[in-house]
There are 2 protein chains.
Amino acid sequence: MDKKLLGIDLGGTTAKFAILTPEGEVQQKWSIDTNILDAGSHIVPDIVESINHHLELYAMKPEQFIGIGMGTPGSVDSEKGTVIGAYNLNWTTLQPVKELIEKGTGISFYIDNDANVAALGERWKGAGDNEPDVVFMTLGTGVGGGIVMNGQLLHGVAGCAGEIGHVTVDPGGFECTCGKRGCLETVASATGVVRVARQMAEEYAGGSQLKARLDNGEDITSKDVFDLAKEKDDLALMVVDRVTFFLGLACGNLGNTLNPSTIIIGGGVSGAGEFLRSRVESYFKEFTFPQVRESTDIKLAELGNEAGVIGAASLALT
Amino acid sequence: MDKKLLGIDLGGTTAKFAILTPEGEVQQKWSIDTNILDAGSHIVPDIVESINHHLELYAMKPEQFIGIGMGTPGSVDSEKGTVIGAYNLNWTTLQPVKELIEKGTGISFYIDNDANVAALGERWKGAGDNEPDVVFMTLGTGVGGGIVMNGQLLHGVAGCAGEIGHVTVDPGGFECTCGKRGCLETVASATGVVRVARQMAEEYAGGSQLKARLDNGEDITSKDVFDLAKEKDDLALMVVDRVTFFLGLACGNLGNTLNPSTIIIGGGVSGAGEFLRSRVESYFKEFTFPQVRESTDIKLAELGNEAGVIGAASLALT
């Protein structure tokens, strides 16, 4: 019988689990709530218990697993298998995750950050077509990313490689939570899109439903902006144009620097679909030199929520 | 007896050769003129003849070599060992370099483009301290670069990874030979620095020797601009500030994306030394988020002309 992989996608509200074949086919999945009380001290024991419970349920033994891979928020030391500074888990001190999970389950354990494992997932079984050179960016509450080159994740000297959200696209632009200005995240995350809308609304004089709703003090989401743009709202179209300009500039420079086969756009904001993708692509083409323009594609993510568990599981294959 | 490496740095005017230990110590070096006549058809035979001649001179046999590595202009297919489109060599059709050199010398042959092998050289024996993650950029007639991550050169899907000269730093800026606008090369190559000087001189009204020399129609070089800036010429200082702003932005985004231990600046323009480096570093710090700011260094290249032969030789070690 073929051995299996176990993937875990740990988030601030739930931990998702999946059992997969070595080919990446999901065979079982489940999830548990993340209990962040008591400085997140229940999280790892809960994960161990849930794994052991499900192994019993499926009549499986630890020896039947190649390994467990997990994606997590925070700063990860992949070699030591530790995590620190995952604030939505209440993990402020160093967590020896690998040690505890290996001891608790008897299965080898591998770990990386959540954006990196999502990149591995989309590269392996999603829009990346399992090519060796793939860049993934996720446009959610923040903007994250992961870079796979020569078939390997890039980490850099301090683990910050792939932090695409903090690429400077607008020197002197909006201030970012990281302390500098003009980060991609300030204009292309879900809150960034709304920030751009508010700024442009101030200088906008024409007729626009988006303008009217902002002036009324309504809560506007990134999705509202894209929906209104799809209905040809003038201001919303201008906002989408500016946001996709910055995304196209960032993707263009990732292309000029790394020339991956694909740059994959995922996360909540990418729910705007082809409407977003085609506009990013058109600026991407403006900002890339001919050989990159012709060889690097801009695609939407394909795996949605499953990218995390699938990519996490793949950590055990390396 | 230890086996040796043979490195070749092929350029439009000369081909440099070196025999090295596997530790990268140069033991012999020589060079020959590059004869680009007859569609560059003499180049490879001349290289073969020169190698065989020097092996005879040093009483060495092909079996004493681990391999030959070469850096070349043009588009390189490292796996097939072919080159095309190296216009300063007159190589417009596909050149089966590996096949001819292996046949002519009886030694295994490896090839990559000149900026990539210079990156390998500086990473191995120069400012890169042999760390796994190092970015190299060369500011010369054009701006080139090479990226080593996880100890490996990045090539990308069409061999364009590391083309740092075509990163867009100024959307809507100067037109580049590549067809797009605002490439780093248009403002930070030797000709780019002069281009920035000419543009800024047009709007400059104060007293400046640089302005006077440009208005007199004198031929100004990038070195002149930096020399005048070092003498506190007002316009020259403004030009250097703008050029280093763009270099700092490009380096910053390389840092935010890849988080290498070092970004190395080489090439003729880097002859301006610490005066240039410190200014690039200060903009780099403005454009990077804290963890990258603290972990990625900006350094000047250390090997000068030898980076090419040393890095080329290292190709034979992989």
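Residues numbered from 1 in each chain as written. Chains lettered and ligands numbered in written order. Predicted model: local features only at pLDDT ≥ 70, side-chain atom pairs only at ≥ 80, totals over all residues. Heavy atoms only, no water.

Quick word on the overall build of chain A
A tally of regular secondary structure across chain A gives twelve helices and twelve strands. In terms of C-alpha radius of gyration, chain A reaches 21 Å, essentially the compact-globule figure of 20 Å for 318 residues. With respect to the principal axes defined by its C-alpha atoms, chain A has extents near 65 × 45 × 35 Å. Residues counted as buried form 56% of the 318 residues belonging to chain A. (Helix = DSSP H or I, 4+ residues; strand = E, 2+ residues; numbered from the N terminus. Rg over C-alpha atoms; globule rule 2.2 N^0.38 Å. Buried < 20%, exposed > 50% of the residue type's maximum accessible area, 1.4 Å probe, protein only.)

A short note on the pairing of strand E3 (residues 26-33) of chain A
Regular strands place side chains that alternate from one sheet face to the opposite one. Residue and element names in this part refer to chain A. Examined bridge by bridge, strand E2 (residues 14-20) and E3 share seven bridges and lie antiparallel to one another. Directly across from Phe17, in E3, lies its bridge partner Trp30. Two successive antiparallel strands, E2 and E3, enclose a turn made up of five residues, where Gly24 displays a positive phi of approximately 90°. (Pairing = 2+ DSSP bridges.)

Focus on helix H4 (residues 114-125) of chain A
Residue and element names in this part refer to chain A. The end-to-end C-alpha distance of H4, which contains twelve residues, comes to 16 Å, matching closely the 16 Å that a straight helix rising 1.5 Å per residue would cover. Among the twelve residues in H4, ten count as buried, and that is most of the element. Looking at H4, one finds that the buried residues are Ala115, Asn116, Val117, Ala118, Ala119, Leu120, Gly121, Glu122, Arg123 and Trp124. A side-chain oxygen of the first residue of H4 lies 3.0 Å from the backbone nitrogen of Ala115; this N-cap is Asn113. (Expected span 1.5 Å × (residues − 1). Polar contact = N/O pair within 3.5 Å; in protein donor to acceptor, adjacent residues only side chain to side chain.)

What to know about the interface of chain A and chain B
Counting residues at the interface gives 42 residues for chain A and 41 residues for chain B. Interface area for chain A against chain B, summed over the two sides, is near 3,100 Å², with a carbon-plus-sulfur share of 63%. Three residues, Val157(A), Thr257(A) and Phe289(A), lead the burial of chain A against chain B; their summed loss comes to 18% of the area buried on that side. Taken together, the connections running from chain A to chain B amount to 14 residue pairs in polar contact (both at pLDDT 80 or more). (Contact = heavy atoms within 4.5 Å. Buried area = accessible area lost by both parts, 1.4 Å probe.)

Let's talk about the relation of the copies chain A and chain B
When chain A is fitted onto chain B, the two copies agree to an RMSD of 0.1 Å after a turn of 180° and an axial shift of 0.0 Å. As the rotation angle and translation indicate, the two copies are arranged about a two-fold axis. Interface overlap between copies: 98% of the residues of chain A at the interface are likewise at the interface in chain B, consistent with a symmetric, same-surface contact. (Least-squares fit on C-alpha atoms with pLDDT ≥ 70 in both.)

Looking at the sheet that holds strand E9 (residues 143-149) of chain B
All names here are of chain B. Taken in spatial order, the five strands line up as E10-E9-E8-E11-E12 in an open sheet, and their pairing is mixed. The open sheet is flanked by strand E10 (152-153) and strand E12 (297-300), the only strands paired with a single partner. The strands touched by helix H4 (residues 114-125) within the sheet are strand E8 (134-139), E9, E10 and strand E11 (262-266), with E9 carrying the most contacts at an inclination of about 55°. Packed on one face of the sheet, helix H10 (residues 274-286) meets E8, E11 and E12 and runs near 165° to E12. (Axes fitted to C-alpha atoms, helices over the stretch in contact; angles between N-to-C directions.)

Examining the domain arrangement of chain A
All names here are of chain A. Structurally, chain A comprises domain 1 (4-120 + 306-317) and domain 2 (130-300). The gap between the C-alpha centroids of domain 1 and domain 2 is 29 Å. Taken over both partners, the interface formed by domain 1 and domain 2 buries close to 640 Å², and the fraction arising from carbon and sulfur atoms is 64%. Per-residue buried area on domain 1 facing domain 2 is highest for Ala115, Asn116 and Ala119; these three make up 60% of the total on that side. The interface formed by domain 1 and domain 2 includes zero salt bridges. The leading source of residues in the side of domain 1 that touches domain 2 is H4, at five residues. For the side of domain 1 that touches domain 2, the per-class residue count stands at four nonpolar, two polar and one charged. (Domains from an automatic or database assignment. Salt bridge = Lys/Arg side-chain N within 4 Å of Asp/Glu carboxyl O. Nonpolar A, V, L, I, M, F, W, Y, C, P; charged D, E, K, R; others polar.)

Considering the packing of aromatic side chains
Residue and element names in this part refer to chain A. In the structure shown here, the tally under the stated rule is twelve aromatic pairs over all chains. Note on Phe245 and Phe287: the rings are 5.5 Å apart at their centroids and 80° apart in plane angle, and the pair reads as edge-to-face. Of the two residues, Phe245 is situated in helix H9 (residues 234-258) and Phe287 in the loop between helix H10 (274-286) and helix H11 (290-295); the sequence distance between them amounts to 42 residues. Through a chain of ring-to-ring contacts, the aromatic side chains of Phe245, Phe246, Tyr283 and Phe287 assemble into a single cluster. The residue whose ring lies beneath Lys98 is Tyr110, and the NZ or CZ to ring-centre distance is 5.6 Å. It is Arg279 that lies over the ring of Phe275; its NZ or CZ is 3.8 Å from the centre. (Phe/Tyr/Trp six-rings, centres within 6.5 Å; stacked < 30°, edge-to-face > 60°. Lys NZ or Arg CZ within 6 Å of the ring centre and 35° of its normal.)

So, the packing of helix H6 (residues 190-202) of chain A against H9(A)
Residue and element names in this part refer to chain A. Relative to each other, H6 and H9 sit at 125°, their axes nearing to 9 Å. Regarding the angle of H6 to H9, the classification is oblique. When the axes of H6 and H9 are compared, the crossing they make is right-handed. Of H9, the residues touching H6 (which contributes Val193, Val196, Ala197, Gln199, Met200 and Ala201) are Leu235, Met238, Val239, Arg242 and Val243. Here the contact of H6 with H9 is built from residues that sort into nine nonpolar, one polar and one charged. (Parallel < 35°, antiparallel > 145°, perpendicular 65-115°, else oblique. Left-handed = near helix turned anticlockwise from the far one by under 90°.)

Notes on the side chain of Thr168(B)
As for its position among the elements, Thr168(B) is in the loop between E10 and helix H5 (185-188). Classification of Thr168(B) by relative accessible area gives buried; the value is 5%. Within the local environment of Thr168(B), its side chain forms a polar contact with the side chain of Lys180(B), the two groups lying 2.4 Å apart. In this view, Thr168(B) contacts Leu249(A), Asn253(A), Asn256(A), Phe287(A), Lys180(B), Arg181(B), Gly182(B) and Cys183(B); residues no more than four positions away in its chain are not counted.

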